[in-house]
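Breakdown of the fold
For reference, the chains in residue letters:
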Amino acid sequence: MHPIRAASAAVLGLTAFTLAAPSATAGDDRSFDVSASPTTISAGGRVTLTQSGCPGETTVTAGIFDTVKLGGGSGSKAVTVDWDAKQSAMYSVTFSCEGRPDRSVDLTIAGGRPDEPTHQPADHGVKAGAGGSVGGFDLREIGLGAALLTGAFGTAYYFARRRTGDDKS
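Since we're looking at a predicted model, the values are computed, not measured.

Calculation criteria
- Numbers given to residues run from 1 along each chain, matching the order in which its sequence is written.
- At least 70 in pLDDT is required for a residue's local features to be given in this predicted model, at least 80 for side-chain atom pairs to be given and counted, and no such filter applies to totals for whole chains, interfaces and linings, which use all residues.
- In computing side-chain values, all of the structure's heavy atoms are included and hydrogens and water are not.
- Helix numbers and strand numbers start at the N terminus; a helix is a DSSP run of H or I with at least 4 residues, a strand a run of E with at least 2.
- Categorising residues by exposure relies on relative accessible area from a 1.4 Å probe, with only protein chains included: less than 20% of the type maximum marks a residue as buried, more than 50% marks it as exposed, and the intermediate range marks it as partly exposed.
- Residues are treated as being in contact if the distance between any of their heavy atoms lies within 4.5 Å.
- The rule for pairing is simple: two strands pair if DSSP sees at least two bridges between them.
- Note on aromatic contacts: the rings of Phe and Tyr and the six-membered ring of Trp form a pair at centre separations within 6.5 Å, being stacked when their planes are under 30 degrees apart, edge-to-face when over 60 apart, and tilted otherwise.
- The axes used here are C-alpha line fits, helices contributing only the stretch in contact, and every angle between their N-to-C directions lies in the interval 0 to 180 degrees.
- Residues enter patches when their relative accessible area tops 30% and they take part in no salt bridge; the joining distance is 9 Å for like charges and 5 Å for the nonpolar side chains Val, Leu, Ile, Met, Phe, Trp and Tyr.
- Exposure was quantified through the Shrake-Rupley algorithm and a 1.4 Å probe, taking into account, for residues, occlusion by the shown protein chains and nothing else.
- Whenever Lys or Arg places a side-chain nitrogen within 4 Å of a carboxyl oxygen from Asp or Glu, that contact is recorded as a salt bridge.
- Count a disulfide wherever a pair of cysteine sulfur atoms falls within 2.5 Å.

**Focus on the side chain of threonine 58**
- You can see threonine 58 is positioned in strand E4 (residues 58-62).
- Judged by its relative accessible area of 0%, threonine 58 falls in the buried class.
- When neighbours within four sequence positions are excluded, threonine 58 is seen to be in contact with Phe32, Gln51, Val68, Lys69, Leu70, Phe95, Ser96 and Cys97.

The following block contains the structure:
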């Protein structure tokens, strides 16, 4: 009965060693995590590239922005997408860490472009006007409009009330 116990212990030990070895190797590969946020962006917009788990410098490349270097351990950097990026196209952003397999993230270019390259979100509401009734009183314009109306009504009254040459009685 002693050899059966020894054989069982050997098989269990070998199985545990076999299962633990690949997970340790895979754990090293999985510790190199990358991301791009947001993953859908307009041409000219800013995207944040993030990496963690690379002991050395990480090189990030894509066809829509300049090559970026991220520091070791973990790091992130915001980059501007080129204005000539094709609308509705998907670009692959590649993160390279020495000694680790390359990682990729897909970045999609939105269909529209911002109006200006320096487009920033507004920090206040939009001036929508006052519906044409009270927005921006200008006394000079009000006075000129009143004078024109008075002149028009006065001229109409004059021509409507004047006597013609036939009414001389």
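**Some words on the pairing of strand E8 (residues 103-109)**
- Sheet analysis places strand E2 (residues 40-41) next to E8, joined by 2 bridges and oriented parallel. Counterpart to threonine 40 in the pairing with E8 is threonine 108.
- Where strand E7 (residues 90-97) meets E8, 6 bridges bridge the pair, whose relative direction is antiparallel. If you follow phenylalanine 95 over to E8, its bridge partner there is arginine 103.

**Side note on the packing of aromatic side chains**
- Evaluated as defined, the whole model comprises 1 aromatic pair.
- Between tyrosine 158 and phenylalanine 159, the aromatic rings sit 5.3 Å apart at their centres with planes inclined by 70°, giving edge-to-face as the arrangement.
- The exposure class assigned to phenylalanine 159 is partly exposed, which follows from its relative accessible area of 48%.

**Observations concerning the sheet that holds strand E3 (residues 46-54)**
- Ordered by their spatial adjacency, 3 strands build an open sheet running E1-E3-E6, and the pairing between neighbours is antiparallel. Bordering the open sheet on either side are strand E1 (33-37) and strand E6 (73-80), each of which pairs with just one other strand. In this sheet, adjacent strand axes meet at a mean angle of 10° when their direction is disregarded.
- Examined bridge by bridge, E1 and E3 share 5 bridges and lie antiparallel to one another. Bridge pairing in E3 places valine 34 opposite glutamine 51.

**Side note on a nonpolar patch on the surface**
- Together, Phe137, Leu139 and Ile142 make up an exposed nonpolar region whose accessible area comes to about 370 Å².
- Inspection of the secondary structure assignment puts leucine 139 in helix H2 (residues 139-161).

**Some thoughts on the state of the cysteines**
- Following the criterion strictly, the structure yields 1 disulfide and no others.
- Note that cysteine 54 is cross-linked by a disulfide to cysteine 97, the S-S spacing being 1.9 Å. Judged by the sign of its S-S torsion, about 90°, the cystine formed by cysteine 54 and cysteine 97 is right-handed. Residue cysteine 54 is located in strand E3, and its partner cysteine 97 is located in strand E7; the two are separated by 43 residues in the primary sequence. As far as burial versus exposure is concerned, cysteine 54 and cysteine 97 are alike and both buried.

**Quick notes on the environment of aspartate 82**
- Its location among the elements puts aspartate 82 in the loop between E6 and E7.
- On the basis of relative accessible area, aspartate 82 is assigned to the partly exposed category, the value being 29%.
- Separated by 39 residues in sequence, aspartate 82 and alanine 43 have C-alpha atoms that sit 6.1 Å apart.

**A short note on unusual backbone geometry**
- Residue proline 38 follows serine 37 across a cis peptide bond; omega there is -5°.
- In this structure, proline 38 sits in the loop between E1 and E2.
- Located in the positive-phi region is serine 88, a residue other than glycine, with phi close to 65°.
- Take serine 88: it is sitting in the loop between E6 and E7.
- On the accessibility criterion, serine 88 (60% relative accessible area) is exposed.

**Quick look at the sheet that holds E4**
- On the basis of which strands lie adjacent, the open sheet formed by 5 strands has the order E2-E8-E7-E4-E5 and mixed pairing. In the strand order of this sheet, the two ends are held by E2 and strand E5 (65-70), each with one partner.
- In this sheet, E5 lies alongside E4 in antiparallel orientation, the contact comprising 4 bridges. Looking at the pairing, valine 60 lines up with valine 68 of E5.

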